[in-house]
Every structure is written in structure tokens, then in C-alpha cells.
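Here are the chains, one letter per residue:
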Protein chains: 2
Amino acid sequence: MITEEKQLLFERQAEIAKALSHPVRIAVVNFLKDGEQCVCDIAEYVGAERSNVSRHLAVMVNAGLLSYRKQGLKVIYELRCPCILEFFVCIGGVLKQQVEADRRLLRAL
Amino acid sequence: MITEEKQLLFERQAEIAKALSHPVRIAVVNFLKDGEQCVCDIAEYVGAERSNVSRHLAVMVNAGLLSYRKQGLKVIYELRCPCILEFFVCIGGVLKQQVEADRRLLRAL
DNA sequence: TGAGTATGTGAGTATATAATCACATAGTTA
DNA sequence: TAACTATGTGATTATATACTCACATACTCA
């Protein structure tokens, strides 16, 4: 049985995973890992419409992944917690294991 | 600029995150971390319809998170890569940091 | 063989998400 | 003040996702 607290935790964890479940948002994290950036530059890096990027950023702020500050005309976003980068290490483990499996499959052909 | 390879990587990473972006699927990982289980028991643990759980499991298999084997009437699922559990450590870091921020906010009231 | 059990799937519906365009807002600078 | 720039948002549309119910499949065991 899942306790009510566990249920809440699962929902919160799922929300964070969802905030990372889009290629554009993954790209954003990758771009911001080296330091804060304005929307303009983020949009150029990820190669998407500014308004679209704006919405993706809002999703990530809502999930608690990003914070932002205004500086003149610009709005500058940064990773709220560098620990999110461990996510890529974790996912990397899964991907490596998949590639290994594919390789074994290939050899069996 | 994002290279074509990076783009592919981001898509793959997003896909894995998406497979973890639902409370039921998070619950499944939590249940399976102590060992393989059949659909029946998984459904009871997560508290959802069997057919619904079946679909969630299919999503996770597709993403490469789970593997399964048939044993008589039952189909038994297990984590394909325990490294996925690091995901919770990572997410835990983000959540802790959010709770800290909330606490600071509360003190400021 | 026939009843029973575990699982998966088709079809339908409701809801959520993503993308785009046009426009609003806010700050800048001449 | 007026033109300009960076950003966010409303409205719309297309697509994806989640869920449910009924049913098909596959295996078990009497």
C-alpha cells in the first residue's frame, strides 16, 4: 500500500521528471549548466521560437528547476539547483546499458 | 549551436524522463526496486486498474526502463537498470532545496 | 475439453501539452 | 515623447496522453 505521504512524494517527483521530459527543456539545462543566460540566447541555442521557449522556461520555473531575475530589458534564467545535473549521469547509465544491449543484439545477427 | 548528435541525445534523454513523468510509473519503480513483480501485484500496489497499469508498464518497457519475462500465466517485470534509482537521489536533491526555500519564505512572513 | 485467471489491446472520450501567431507589457535610448 | 527591444501571454489548433470498458489471448488446472 502507498501511504498518502508517499503518494504526494510520487506526484512531486513525477512533476520534476515531467519538467525534463522535452528535448528543448533538456537543451536548456545543458545550456545553463555553464551559467545563467537570457531568454534571447537560450532561444538561439535551442533553436526554437522565443515565445515557445518562454513557455518551456515557465514550466521549468514552476517545477522549481530554474530561477530568474530581471536585468534591464532582459530576463536571466539559471539552474536553481546544480544537483539536477546528476540527472544526466543517471540517465547516461540507462542509455549506456541500452546501447550495450543493442550491441549484443547486433552481434547475434 | 546544437549538433545533430546532441539533438538526438536530448531526445533520448527526454524520452527517459517522460517515462518517469507520471506518479503511477514512479510508484512502479519504487515497487520494483526490491525485486521483480507480476502485473497483478504491481496494480495492487499502485492502486490502479490492471489494464491501465499494463499500458504504463508498456511505456516503461519502450523507454528501456523495464524488462519482463513470462512465467506461466503471469508476466513479471523488473528494473532493467538499477541505476535508474539514482534518479530519485537526484530529484531528492531538488526537492530538498525547494523545501529549504519554502522554509526561508515561511520565516520571512 | 471447459472453466478460470492474468494480461494485453481496440475504441472511445477527456484532458494535457506543444507550437504558432498576433499582440500586450515593460524597459531602453535617441 | 516616440521608436525600439526583450519577454510574456491570449487564442487557436494539432497532437499526445491517460483512463475506462469490453473483449481477445494465452496459459493453467480440474
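Below, the structure is looked at part by part. (Residues numbered from 1 in each chain as written. Chains lettered and ligands numbered in written order. Predicted model: local features only at pLDDT ≥ 70, side-chain atom pairs only at ≥ 80, totals over all residues. Heavy atoms only, no water.)

Let us look at the packing of helix α5 (residues 86-107) of chain A against helix α1 (residues 4-19) of chain B. With their axes 10 Å apart at the nearest point, α5(A) and α1(B) run at an angle of 100° to one another. In terms of their interaxial angle, α5(A) and α1(B) are classed as roughly perpendicular. Contacts from Phe87(A), Phe88(A), Ile91(A), Val94(A), Leu95(A) and Gln98(A) in α5(A) reach Leu9(B), Arg12(B), Gln13(B), Ile16(B) and Ala17(B) in α1(B). Here the residues of the contact of α5(A) with α1(B) sort into eight nonpolar, two polar and one charged. (Axes fitted to C-alpha atoms, helices over the stretch in contact; angles between N-to-C directions. Helix = DSSP H or I, 4+ residues; strand = E, 2+ residues; numbered from the N terminus. Parallel < 35°, antiparallel > 145°, perpendicular 65-115°, else oblique. Contact = heavy atoms within 4.5 Å. Nonpolar A, V, L, I, M, F, W, Y, C, P; charged D, E, K, R; others polar.)

Let us look at the pattern of salt bridges. All names here are of chain A. Across all of its chains, the model carries six salt bridges over all chains by this definition. Of the charged contacts in the structure, one is a salt bridge between Arg12 and Glu15, with a shortest N-O distance of 3.5 Å. Placement of both Arg12 and Glu15 in helix α1 (residues 4-19) is noted, with a separation of three residues, approximately one turn of the helix. With relative accessibility at 38%, the residue Glu15 sits in the partly exposed group. (Salt bridge = Lys/Arg side-chain N within 4 Å of Asp/Glu carboxyl O. Buried < 20%, exposed > 50% of the residue type's maximum accessible area, 1.4 Å probe, protein only.)

This paragraph deals with the side chain of Gln13(A). Residue placement: Gln13(A) occurs in helix α1. The class of Gln13(A) is buried, set by a relative accessible area of 6%. With residues near it in sequence (within four places) discarded, Gln13(A) still touches Ile26(B), Asn30(B), Phe87(B), Phe88(B), Ile91(B) and Leu95(B).

Here the focus is the protein's contact with DNA strand D. Around DNA strand D sit 21 residues in total, of which Cys40(A), Ser54(A), Arg55(A), Tyr77(A) and His56(B) are the nearest. In the environment of DNA strand D, a base oxygen lies 3.0 Å from a nitrogen or oxygen atom belonging to the side chain of Arg55(B). Between a phosphate oxygen of DNA strand D and a side-chain N or O atom of His56(B), the distance comes to 2.6 Å. For the surface near DNA strand D, the secondary structure elements donating two or more residues are α3 (39-46), α4 (50-62) and β3 (74-79) of chain A together with α4 (50-62) of chain B. Looking at the surface near DNA strand D residue by residue, the classes come out as seven nonpolar, seven polar and seven charged. (Near = heavy atom within 4 Å. Polar contact = N/O pair within 3.5 Å; in protein donor to acceptor, adjacent residues only side chain to side chain.)

Right, let's get into the interface of chain B and chain A. Each partner contributes residues to the interface: chain B has 40 residues there, and chain A has 40 residues. In total, about 3,400 Å² of surface goes out of reach between chain B and chain A, with carbon and sulfur atoms giving 69% of it. Taken together, the connections running from chain B to chain A amount to zero salt bridges. Across the contact surface, chain B and chain A share four residue pairs in polar contact (both at pLDDT 80 or more). Broken down by secondary-structure element, the contributors of at least two residues to the side of chain B that touches chain A are α1, α2 (23-32), α3 (39-46) and α5 (86-107) of chain B. When grouped by side-chain class, the residues that make up the side of chain B that touches chain A number 25 nonpolar, nine polar and six charged. (Buried area = accessible area lost by both parts, 1.4 Å probe.)

Next up on the list: the protein's contact with DNA strand C. Around DNA strand C, the surrounding shell holds 21 residues, and the nearest of these are His56(A), Cys40(B), Ser54(B), Arg55(B) and Tyr77(B). Of everything in DNA strand C that lies within 4 Å of the protein, sugar and phosphate atoms constitute 62%. Lys18(A) is positioned such that a nitrogen or oxygen atom in its side chain is 3.0 Å from a phosphate oxygen of DNA strand C. Contact distances for DNA strand C include 3.4 Å between a base nitrogen and a side-chain N or O atom of Ser51(A). Looking at the surface near DNA strand C, the elements with two or more residues in it are α4 of chain A together with α3, α4 and β3 (74-79) of chain B. Here the surface near DNA strand C is built from residues that sort into seven nonpolar, seven polar and seven charged.

Turning our eyes to something else, we now look at the relation of the copies chain B and chain A. If you rotate chain B by 180° and push it 0.0 Å along the axis, it lands on chain A with an RMSD of 0.0 Å. The superposition operator between the copies reduces to a two-fold rotation axis. The share of interface residues of chain B whose copies in chain A are also at the interface is 100%, consistent with both copies meeting through the same surface. (Least-squares fit on C-alpha atoms with pLDDT ≥ 70 in both.)

This part covers the sheet that holds strand β2 (residues 66-71) of chain A. All names here are of chain A. Ordered by their spatial adjacency, three strands build an open sheet running β1-β3-β2, and the pairing between neighbours is antiparallel. At either margin of the open sheet sits one strand with a lone partner, and together these are β1 (37-38) and β2. As judged from the six bridges shared by β2 and β3, these two strands associate in the antiparallel manner. Paired with Lys70 across the strands is Val75, a residue of β3. Sheet strands touched by α4: β2 and β3. Its angle to β2, the strand with the most contacts, is close to 120°. (Pairing = 2+ DSSP bridges.)

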